[in-house]
Amino acid sequence: FDVAEKHLGVNKLLDTEDLVNMPKPDERSVMTYCAALYTVFSKFDKIETAGRRLAKYVGFIKVTNQMIHDYEKRATALDDFMKKKKQEIPTLPLGDTYQSTKGNRAKFVDYRKNEKRKWIGEQQNLVTLLGNIQSKLKSMNRDAYVPPEHLTTQALDDKMEELTQVERDYIIQLNKTLKDIL
């Protein structure tokens with residue numbers, strides 16, 4: 001009773017003697033005291049529940065922010081790749097002999113089969129990641145994430161299409177060079 005009064009703020013309604021020395025303790029006094037203890041402990045439970053909810057929310061924010069950071073980092077890498085290739089491809093050599101032109105064409109086909117295909121897969125993965133971010137935010141009644149304008153899926157699609165056009169132009173020039181040599 002002393003501990004409950006000192007540490008929990010529950011008034012000392014009974015003494016140990018009231019319980020030990022009586023054949024049947026006063027039921028109302030015991031129930032009142034138990035109710036006071038229950039009230040105190042239920043407040044602790046509410047605090048624990050609130051703490052768990054807060055921890056869950058903080059975890060949600062942390063995971064969502066990590067996903068957003070991951071999206072922006074990966075989308076920036078894709079954007080940088082496309083910018084670099086758009087500048088690089090027009091400067092690639094065409095060749096001045098049949099063998100050199102065929103070799104340049106083979107290198108370019110290899111680039112499209114391997115390196116570019118990897119980045120196209122990454123572009124599709126980014127669309128999925130952005131969808132997951134939006135679903136997660138919606139599930140917690142949060143505003144949708146809006147990527148920076150140059151990293152939206154539409155902007156990345158447009159840039160990929162521009163890169164594809166630069167690649168087509170280079171292939172056309174390679175084929176024309178081969179035709180001229182022959």
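Residue numbers restart at each chain and count upward from 1, following the sequence in its written direction. A pLDDT threshold of at least 70 governs which residues receive local features in this predicted model, and a stricter bar of 80 or more applies before side-chain atom pairs are shown or counted, although totals over entire chains, interfaces and linings include all residues. Computation of side-chain values covers all heavy atoms of the structure but excludes hydrogens and water.

**Q** Explain the pattern of salt bridges here, please?
**A** Pairing is possible between side chains that carry opposite charge, provided their charged atoms lie close to one another. Here, a salt bridge means any Lys or Arg side-chain nitrogen found within 4 Å of an Asp or Glu carboxyl oxygen. Summed over the entire model, instances satisfying the criterion amount to 11 salt bridges. Lys 85 is paired through a salt bridge with Glu 88; the nearest N and O atoms lie 2.8 Å apart. In this pair, Lys 85 and Glu 88 both sit in helix α3 (residues 27-88), three residues apart, roughly one turn of the helix. When salt bridges that share partners are traced, they join Asp 70, Arg 74 and Glu 122 into one network. A run of H or I in DSSP counts as a helix once it spans at least four residues, and a run of E counts as a strand once it spans at least two, with each numbered from the N terminus.

**Q** Please explain the side chain of Thr 177 as it appears in this structure.
**A** Following the sequence through the fold, Thr 177 ends up in helix α5 (residues 153-181). Accessibility here uses a 1.4 Å probe with only protein chains present; expressed as a share of the type maximum, an area under 20% marks a residue as buried, one over 50% as exposed, and anything in between as partly exposed. The exposure class assigned to Thr 177 is buried, which follows from its relative accessible area of 15%. Residue contacts for Thr 177: discarding those within four places in its chain leaves Leu 94, Gly 95 and Thr 101. In what follows, residue pairs with any heavy atoms lying within 4.5 Å of each other are defined as contacts.

**Q** Honestly, the packing of aromatic side chains in this entry has me stumped. Any pointers?
**A** For any pair of aromatic rings, the description rests on two quantities: the centre-to-centre distance and the angle between the ring planes. Only Phe, Tyr and Trp rings take part, Trp by its six-membered ring, and two of them pair if their centres are within 6.5 Å. Stacked means planes under 30 degrees apart, edge-to-face means over 60, and tilted covers everything else. Scanning the model with the defined rule gives five aromatic pairs in all. Consider the rings of Phe 81 and Trp 119, whose centres lie 4.9 Å apart with planes at 10°: the pair is stacked. Residue Phe 81 is located in helix α3, and its partner Trp 119 is located in helix α4 (residues 98-139); the two are separated by 38 residues in the primary sequence. Trp 119 shares its class with Phe 81; the two are buried. A connected cluster of aromatic rings, assembled from ring pairs, spans Phe 108, Tyr 111 and Tyr 170.

**Q** Got a minute to help me understand the nonpolar core in this structure?
**A** Grouped burial of nonpolar side chains is what soluble globular proteins tend to show. Among the buried residues, those of types Ala, Val, Leu, Ile, Met, Phe, Trp, Tyr and Cys that are joined through side-chain atoms within 4.5 Å form a nonpolar core. With 26 residues, the main nonpolar core has Tyr 71, Leu 78 and Ile 133 as its most contacted residues. Counting residues per element, the ones that place at least two in this core are α3, α4 and α5. Discounting residues that sit within four places of it in the chain, Ile 133 has contacts with Met 67, Ile 68, Tyr 71 and Tyr 145. In this structure, Ala 4, Leu 14, Tyr 33 and Val 40 belong to the second largest nonpolar core, which totals five residues.

**Q** Help me out: how do you make sense of the environment of Glu 5 in this one?
**A** With respect to the helices, strands and loops of the structure, Glu 5 is situated in helix α1 (residues 2-8). Along the primary structure Glu 5 and Ser 42 are separated by 37 residues, whereas in three dimensions their C-alpha atoms are 17 Å apart. Filtering out sequence-adjacent residues up to four positions away, Glu 5 remains in contact with Val 10, Asn 11 and Lys 12.

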